[in-house]
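Here is what each chain is made of, one letter per residue.
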Amino acid sequence: MNSKLKDELINILTELNISNGKYYLQDAFDIIVKLSYKILELLDNELKKYNWINLHCILLEYYSDSINYGTEKIKLNEKFDDEELTNIVNIYIYLIELNLIKRYNGKENIDINNDENIIKYLYSIANVLYFIQINISIINAIKDFQNTKTKEFIYLEIDTKAEVIIKFPTSKEYEYQYNEFKKDNINHNIEMEFDDEKELFEEKELRNILKEELGVDYFELNIILNISNIDKTIFDNKKINGYKYVYEITYDEFVFEILKRISLVPLEYIEKIIKFIILDCNNITNIKNKKEDYLSVDKLSSRKNRFDLKPLVNNENNRLIFSFESIKFAYSKWIRNITYFNFLYDFDLTKSKEILDKKKEKYQNDFSVKIANLLESNGYISFGVDIDFHKRFNNSNLSYLGDYDVIAINTITNVILLIEAKFIKLSRDINELLEQQKEYYGNKEYIDIDANDTRKAKYLLPSEIFQRRINYFLLHREEILDNLVKTFNSVSRSKMKKNIKNININTKLKYTIKSYMVFNRYFKPFFTDTDFKVVSFNELKYLLENNRI
């Protein structure tokens, strides 16, 4: 840790009368909120010293260099710490945005070649503040959970004698969960297939509605953000002297150079898009269009006026400051989001989100079939997908159970699998991840529900709905199995588009019942215990192929 910052933090802790020790849940939350105000005040006093335009150019240079480092490593297929680099990039974004919110006209200018220590100090303050803000969000989300697992999941530790004074240790379970979550965020089953994405826009429904709600054409936006790949020499003579990455150009020159290279897009639309990607420095803190007095780092999907999405900054002389690295980074964000059934923000894109959610429903429905086919390729016989007991048994009293997504049997191992298939989006930020956790698992320590609890699904958690189905199956297994065998080639199985004419299943045998909630991504419960196993599709595939079930 920067020695100057370390002294400042000790002074802040002394002033706030905060002692060394471990702090949990509400106590931790109260302390880090106080700390965040004081450290933000420290950073603000530093920012006041400098001219905001000069500081923005230098921060943009460092930010761009970090992005370029990762890009080159990927090109060369060389290993690097992706998580560390992501953190560095995010902290520079945070510092850039704080500077642009304040826009101080301090008297000091920073020399790009000789004042590296100043940037390191500013970065070190922003680094501490950034992680405090992230952990405020996490601890705030977990402090009200009604179970004991949250206490050491993540907590605050203060030790003024240590190298790092303020730490957020985590339990071994959290470390495991987090590492698996990161791994499966790369190796998941979420992407929309190219043909489906193409179909969405060829029908023009999504493209037209998105243009109406977003204010610009989505495809044309991405064409302009991809300009450096169209012509690498554009703006060559506009680089600021002494900088490797940072350019400065008038608005009119920027428009003209784009127009020369993208003749298919009319001038009117080009101007609209360029104005769209100019950051509105007065509204960076807005959350869902509401002005806030703080900069949120945990609710990114509720902020549309972000530097990582709008990389052009207008200085006081109507000149645009930018780097191609920041533009390419914005392009990577915009181009990927629809593939993952998400918008970077969707609070102003209601109709567009409805269309995207309909497409996601198709994948949710197909996901059950995908799992059933996986089981059949690994020795199981599937009784079909979306099996509705109230129709199978002609008993309307069973309608409260809903559909069993997949039921399959292995006549060699005498195992019956009950599968609940869940297709969910990637989490766009930590706040959304914790909200998704709460949506599926609630804040309970253990999922328990009676098989005959007939409450409607809207009053239950998805995990409770599945557990109720499991419990009902366990109570009536012989009757259910007998029915499933008799009605084998039914509508439920026809969705799989392959029939088996003859099956030989002894319904009187004692079968082992195993239950799995299967997600298209890693999504084990952080704080809740369940009687069923929670796995990703990739994990289920591994278990089946290695005879681990």
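Treat the numbers as computed from the prediction; the structure is a model and nothing was measured.

1. Focus on unusual backbone geometry
Backbone geometry follows two general trends: most residues other than glycine have a negative phi, and most peptide bonds adopt the trans configuration.
Stage number 1. Non-glycine residue Leu25 carries a positive phi angle of around 45°.
Stage number 2. Along the chain, Leu25 falls in helix α2 (residues 25–47).
Stage number 3. For Asn547, which is not glycine, the phi dihedral falls at a positive 50°.

2. Thoughts on the packing of aromatic side chains
Stage number 1. Scanning all chains against the criterion turns up 35 aromatic pairs.
Stage number 2. Taking 5.0 Å as the distance between ring centres and 65° as the angle between the ring planes, the aromatic pair formed by Phe341 and Tyr363 counts as edge-to-face. With Phe341 in the loop between α13 (324–337) and α14 (350–376) and Tyr363 in helix α14, this pair connects stretches of sequence that are 22 residues apart.
Stage number 3. For Phe341, a relative accessible area of 1% puts it in the buried group.
Stage number 4. A residue is classified by how much of its surface remains accessible, and Tyr363, at 10% relative accessible area, is buried.
Stage number 5. Members of the aromatic cluster, connected to one another through ring pairs, are Phe235, Tyr247, Phe254, Phe322 and Phe324.
Stage number 6. Over the ring of Tyr269 we find Lys211, and its NZ or CZ is 4.3 Å from the ring centre.

3. Things to note about the pairing of strand β8 (residues 403–410)
Within a regular strand, side chains alternate between the sheet's two faces.
Stage number 1. Across the eight residues of β8, seven count as buried, placing the element largely inside the fold.
Stage number 2. Taken together, the five bridges between strand β7 (residues 381–388) and β8 define a ladder with antiparallel strand orientation. Looking across to β8, one finds that Ile387 is bridged to Tyr404.
Stage number 3. Of the strand pairs in this sheet, β8 and strand β9 (residues 415–422) are connected by five bridges, and their pairing is antiparallel. Looking at the pairing, Ile407 lines up with Leu418 of β9.
Stage number 4. Turn length for the β8-β9 hairpin, with the two strands adjacent in sequence and antiparallel, is four residues, and the turn residue Asn414 shows positive phi of about 55°.

4. As for the sheet that holds strand β10 (residues 512–519)
Stage number 1. One open sheet accounts for five strands, arranged β7-β8-β9-β10-β11; its pairing is mixed. Single-partner strands in this sheet number two, and they are β7 and β11 (533–536). In this sheet, neighbouring strand axes are inclined to one another by 25° on average, regardless of whether the strands run parallel or antiparallel.
Stage number 2. Examined bridge by bridge, β10 and β11 share four bridges and lie parallel to one another. Note that in β11 the partner of Met517 across the bridge is Val534.
Stage number 3. In the packing of helix α18 (residues 477–486) onto the sheet, the strands contacted are β7, β8, β9 and β10, and the crossing angle to β7 comes to about 105°.

5. Remarks on the sheet that holds strand β5 (residues 313–314)
Stage number 1. Within the open sheet, the three strands sit side by side as β4-β6-β5. Their pairing is antiparallel. With partners counted over all chains shown, the strands left at the sheet margins are β4 (246–250) and β5, one partner each.
Stage number 2. In terms of strand pairing, β5 meets strand β6 (residues 319–323) through two bridges, oriented antiparallel. What sits directly across from Asn314, in β6, is Leu320.
Stage number 3. Sitting on the sheet, helix α11 (residues 251–261) is in contact with β4 and β6, with an inclination near 100° to β4.

6. Section: α18
Stage number 1. Of the positions making up α18, those classed as buried are Ile480, Leu481, Asn483, Leu484 and Val485.
Stage number 2. Buried residues along α18 sit in contact with β7, α15 (389–392), β8, β9 and α17 (462–475).

7. As for the side chain of Glu213
Stage number 1. Checked against the element boundaries, Glu213 lands in helix α8 (residues 205–214).
Stage number 2. With no salt bridge to any partner, buried Glu213 finds its closest opposite charge in Lys351, at an N-O distance of 5.6 Å.
Stage number 3. Within the local environment of Glu213, its side chain forms a polar contact with the backbone nitrogen of Lys351, the two atoms lying 2.9 Å apart.
Stage number 4. For Glu213, the side chain forms a polar contact with the side chain of Ser352, separated by 2.7 Å.
Stage number 5. Those residues in contact with Glu213 that sit more than four places away from it in its chain are Asp348, Leu349, Thr350, Lys351 and Ser352.

Reading the values: the criteria
- Residues numbered from 1 in each chain as written.
- Predicted model: local features only at pLDDT ≥ 70, side-chain atom pairs only at ≥ 80, totals over all residues.
- Heavy atoms only, no water.
- Helix = DSSP H or I, 4+ residues; strand = E, 2+ residues; numbered from the N terminus.
- Phe/Tyr/Trp six-rings, centres within 6.5 Å; stacked < 30°, edge-to-face > 60°.
- Buried < 20%, exposed > 50% of the residue type's maximum accessible area, 1.4 Å probe, protein only.
- Lys NZ or Arg CZ within 6 Å of the ring centre and 35° of its normal.
- Pairing = 2+ DSSP bridges.
- Axes fitted to C-alpha atoms, helices over the stretch in contact; angles between N-to-C directions.
- Contact = heavy atoms within 4.5 Å.
- Lys, Arg positive; Asp, Glu negative; His and termini not counted.
- Salt bridge = Lys/Arg side-chain N within 4 Å of Asp/Glu carboxyl O.
- Polar contact = N/O pair within 3.5 Å; in protein donor to acceptor, adjacent residues only side chain to side chain.

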